[in-house]
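Here is how the chains run, residue by residue.
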Amino acid sequence: MKFTYCKDCDDAFKKVTFEGQRCIYCGKENTISLSLSGSNYYIGYFLLVIGAAAFVILDGDPLQLPVIAISLIVGMIISIRSRMVLKNKAIEKGRVQAESEA
Ligand SMILES: [Zn+2]
């Protein structure tokens, strides 16, 4: 997972390709690129995909619905939570790098 940390805003965001080094908040290029491992994030996504696929494959079988709903909800919670955790990690890492560069 690529993140960009902005020294001016003291904030981080998930890197969008083709956006270059520009901060999405202030538009300046005073940023640091960071790379973080986001396995939890992908696990969450995986559960979401499995849940959605199961829903389609099973054609909404009422007996399977609770299982599908749980995998969708858990997948969503994991991906949202890990996204927040990753963002905080990116901010911390960005601060450390910004200090070491200064
Ligand atoms: Zn900024």
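Conventions and cut-offs
- Residues numbered from 1 in each chain as written.
- Predicted model: local features only at pLDDT ≥ 70, side-chain atom pairs only at ≥ 80, totals over all residues.
- Core = buried A, V, L, I, M, F, W, Y, C linked by C-beta atoms within 7 Å.
- Buried ≥ 20, exposed ≤ 12 C-beta atoms within 10 Å, placed from the backbone.
- Helix = DSSP H or I, 4+ residues; strand = E, 2+ residues; numbered from the N terminus.
- Contact = placed C-beta atoms within 7 Å.
- pLDDT = per-residue confidence, 0-100.
- Pairing = 2+ DSSP bridges.
- Axes fitted to C-alpha atoms, helices over the stretch in contact; angles between N-to-C directions.
- Expected span 1.5 Å × (residues − 1).
- Arc of directions from axis to C-beta.

**Student:** I'd like to hear about the nonpolar core, residue by residue, with values.
**Tutor:** Generally speaking, nonpolar side chains in soluble globular proteins are found buried as a group. If you look at the biggest cluster of nonpolar residues, it comprises 9 residues: Phe3, Tyr5, Cys6, Ala12, Cys23, Leu34, Tyr41, Leu86 and Ala90. For this core, the secondary structure elements donating two or more residues are β1 (2-6) and α2 (65-101). Among all residues touching Cys6, those that are not within four sequence positions of it are Asp11, Cys23, Tyr25, Cys26, Asn30 and Thr31.

**Student:** Outline the confidence of the model for the protein chain, supporting the account with residue identities and numerical values.
**Tutor:** Of the residues in the protein chain, 96% have a pLDDT of 70 or more, and the chain-wide mean is 85. Here helix α1 (residues 39-57) stands out as the element of the protein chain with the lowest mean pLDDT, 81, in contrast to β1, whose mean of 92 is the highest.

**Student:** Please set out the sheet that holds strand β2 (residues 11-14) residue by residue, giving values where relevant.
**Tutor:** Strands sit in the order β2-β1-β3 across an open sheet of 3 strands; the sheet is antiparallel. At either end of the open sheet lies a strand with only one pairing partner, and these are β2 and β3 (31-35). The sheet shows a mean angle of 25° between the axes of neighbouring strands, taken without regard to direction. As paired strands, β1 and β3 are joined by 5 bridges and run antiparallel to one another. Bridge pairing links Lys2 to Ser35 in β3. Sitting on the sheet, α2 touches β1, β2 and β3, and the angle it makes with β3 is about 125°.

**Student:** Give a description of α1 that names residues and reports values.
**Tutor:** Because each turn of an α-helix spans 3.6 residues, side chains separated by three or four positions end up pointing in the same direction. Its 19 residues place the ends of α1 26 Å apart at the C-alpha level, agreeing with the 27 Å of an ideal helix rising 1.5 Å per residue. Buried within α1 are the following residues: Tyr41, Gly44 and Leu47. Relative to the axis of α1, the buried residues are bounded by an arc of 125° and lie together on one face. Turned more than 90 degrees away from the buried face of α1 sit Ser39, Ala53, Val56 and Ile57, all of them exposed. Where α1 is buried, its residues meet α2. Directly beyond the C-terminal end of α1, a positive phi value near 55° is found at Asp59.

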